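One-letter residues, chain by chain:
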Amino acid sequence: MFLSNLYAELLKLRRSRISWILPLAFGFGPVVAALFMLILLHPEAGQRLGLIAAKARLTAATGDWPAYLSMIGQMMGIGGVVIIGFVGTYIFGREYTEGTAKNLLTLPIRRGSIVAAKFTVCAIWYAAIGVWIYAEAFLLGSLLGMPGYTPELARAALLLGVKLIPEAILLVTAPAWIAVASKGLLGPFGFIVATIMLGSALGATGWGPWFPWTIVPLDSGMAGPDAALPGLSAKIVLVGTCIAGWYLTWRTFDRSDNLQ
Amino acid sequence: MTTGLSEQPEEALLVEGLTRHFGEVRAVEQLDLSVRQGEIYGFLGRNGAGKTTTIRMVLGLIRPTAGRIRVFGMDVASDRERAVRPIGCLVETATAYSSLTVGENLEIQRRLTGSPRESLDRVIAMFGLSEFVTRRAGKLSLGNKQRLALARALISRPRLLILDEPANALDPAGIVEIRTILRRFRDEDGISVFVSSHNLSETAMLADRIGIIHRGRLVDELLMGDEDTAVEIGVSDSRTATRLIEAQLGLSDIETTATGTLVVRGGTAAAIAQAVVGGGVALHLLRPLINDLESRFLRITGGE
């Protein structure tokens, strides 16, 4: 029955516009990073761009592969926790906005199987977006002809992606739960905004490694090359958040009244 | 009523003492009803009477405050997946995945209910959806969305069909079509149908038995055959006819209309005619009153 659920969820995602709108929107990240690199590589042309050029100089000092891939990594860390929030929100929340939750919940199948299939699709979708972002980043980087490329650098960047993508996926369960509990999309959107604001505040006060939505950005190197990365306790916080979110999503999906 | 799961229960649906409170609001209160196998049961009530809340509890969408629900003897509270397996349903508004085609929506339902491949073609043909198979559900008219929802409900060949206001959004021809399909299913496959509505005439034409729910309680139940419906008679001597009916048939619910005819409730037209004519009273009018359901409904629900 899980496979039938998975088939249904994949089909629903494949047929929805958001399945390509979200990667397209997130795909602007590497484009912006590449634009910054272009400005840094050609400062005379960049001067005509005013504020964008200033921002590019603030973001990275040099226009080369190490700076570029560092930006991509941080983008995956910071943007990733937002994107995975949207992924979970959409996969679960759309059932309520489309009024199809009642159809799903009256099926003679275990609701835990539905929840598992939805989370699996969230993970597949986000992993695909991550692969797309890295592929796009490497393609744009090659087109720019930046200096400083080494196979070791590329390998390190990809390994960072391999670490950040699953870490972000662990955060999908909390907004999914808010979507099920609030029976719609607005609740989890508000939750995503709150985690961004709280994450900024906690990150600045040293509590970042204990707050799930700051751990992934910190792990991406956001705090700088010399800052220590979050340790094992942070991984436990991420896994704990995932398990708690999964349990609450299932529990709410299974037990709460569906009056829609 | 049966007690063991191994026995074949007489009832397709058995509801006992069903209660649901939302804070101070008593949406459903001590509701008892049963739907027999092969029966079409009409569940009538005003808006807010508790029809949809009852249906949602039967389907496991909301949890009862108290009471028990059994579907073919299986308890919904303790084994929801098994209990709802024989059910096909349509709850309130017809909804579908708008970005998926009609065929894809039905295919998802087919897979998730473990139905055979041919069931897809069967329901598509049954509801005239062939020309819409590749059309996105979001582009369908309201009537065709309703047909899609009904097709989805029937794809698994359910033994109990639970429909909440199925005639919503359908044009008169569509309503007749749905009525014909439901009767055919009842007659050919012996499926039971529990259909809620606030449309009295439609329910009267469709149902074998009607339950009236008011303020969360089942306040009346009537058979839609000869028994228990009203019969209007025109007689030469109303007083004698009334006495004969009371004495011979034991019926006391007899009302004199403004035109002088009598409306007798609770007996068959044949028995009433025999009692009157046999007592020497001339009979010049004998008419079963389907429309009596309306006055009965309004009387019970207080005409509020």
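The model shown is predicted, which means the values in this text are computed figures rather than measured ones.

Peer 1: Outline the overall build of chain A, listing residues and values.
Peer 2: From N to C terminus, chain A includes 13 helices and zero strands. Mapped in sequence order, the helices and strands of chain A form the string α-α-α-α-α-α-α-α-α-α-α-α-α. By the compact-globule yardstick of 18 Å for 260 residues, chain A fits well, its C-alpha radius of gyration being 20 Å. Referenced to the eigenvectors of the C-alpha coordinate spread, the extents of chain A come out at roughly 65 × 40 × 35 Å. When each of the 260 residues of chain A is scored for burial, the buried share is 46%.

Peer 1: I'd like a rundown of the interface of chain B and chain A, residues and numbers included.
Peer 2: In this complex, chain B contributes 21 residues to the contact, which on the side of chain A involves 22 residues. Elements supplying a minimum of two residues to the side of chain B that touches chain A: helix H2 (80–84) and helix H3 (102–112) of chain B. With four residues, H3(B) is the single largest residue contributor to the side of chain B that touches chain A. Residues of the side of chain B that touches chain A, tallied by class, amount to 11 nonpolar, five polar and five charged.

Peer 1: Would you mind going over the sheet that holds strand S2 (residues 25–36) of chain B in detail, with residue names and values included?
Peer 2: Residues and elements named next belong to chain B. One open sheet holds the four strands; their spatial order is S2-S1-S4-S5, and the pairing between them is antiparallel. For this open sheet the edge positions go to S2 and strand S5 (74–75), each flanked by a neighbour on one side alone. The pairing of strand S1 (residues 11–22) with S2 spans eight bridges and is antiparallel. In the sheet register, Phe 22 faces S2, and the bridge partner there is Val 25.

Peer 1: So what's going on with unusual backbone geometry? Residues and values would help.
Peer 2: Residues and elements named next belong to chain B. Even without being glycine, Glu 92 reaches a positive phi, approximately 50 degrees. Residue position: Glu 92 is located in the loop between strand S6 (87–90) and H3. A residue is classified by how many C-beta atoms lie within 10 Å of it, and Glu 92, with 17 of them, is partly exposed. Here Arg 157, not a glycine, exhibits a phi torsion of approximately 50 degrees, which is positive.

Peer 1: An account of the domain arrangement of chain B is needed here, citing residue identities and associated values.
Peer 2: All names here are of chain B. The assigned domain composition of chain B is domain 1 (37–57 + 84–223) and domain 2 (230–300). The gap between the C-alpha centroids of domain 1 and domain 2 is 37 Å. Taken together, the contacts link seven residues of domain 1 with five residues of domain 2. Looking at the side of domain 1 that touches domain 2, the elements with two or more residues in it are helix H7 (200–206), strand S9 (209–214) and strand S10 (217–223). A class-by-class count of the residues in the side of domain 1 that touches domain 2 yields five nonpolar, one polar and one charged.

Peer 1: Pulling in residues and values, what's your account of the sheet that holds S9(B)?
Peer 2: All names here are of chain B. Spatial strand order, S6-S7-S8-S3-S9-S10: six strands in an open sheet with mixed pairing. Whereas interior strands pair on both sides, the edge strands pair on one side only; in this sheet they are S6 and S10. In this sheet, adjacent strand axes meet at a mean angle of 15 degrees when their direction is disregarded. Two strands pair when backbone bridges link them, and S6 and strand S7 (residues 160–164) are joined in this way by four bridges, in the parallel orientation. Its bridge partner being in S7, Cys 89 is matched across the sheet by Ile 162. Most of the contacts of helix H1 (residues 51–58) go to S7, to which it runs at about 145 degrees, and overall it touches strand S3 (40–45), S7, strand S8 (192–197) and S9. Packing against the sheet, helix H5 (residues 142–154) makes contact with S6 and S7, and its axis sits at approximately 165 degrees to S6.

Reading the values: rules and limits
Residues numbered from 1 in each chain as written. Chains lettered and ligands numbered in written order. Predicted model: local features only at pLDDT ≥ 70, side-chain atom pairs only at ≥ 80, totals over all residues. Helix = DSSP H or I, 4+ residues; strand = E, 2+ residues; numbered from the N terminus. Rg over C-alpha atoms; globule rule 2.2 N^0.38 Å. Buried ≥ 20, exposed ≤ 12 C-beta atoms within 10 Å, placed from the backbone. Contact = placed C-beta atoms within 7 Å. Nonpolar A, V, L, I, M, F, W, Y, C, P; charged D, E, K, R; others polar. Pairing = 2+ DSSP bridges. Domains from an automatic or database assignment. Axes fitted to C-alpha atoms, helices over the stretch in contact; angles between N-to-C directions.

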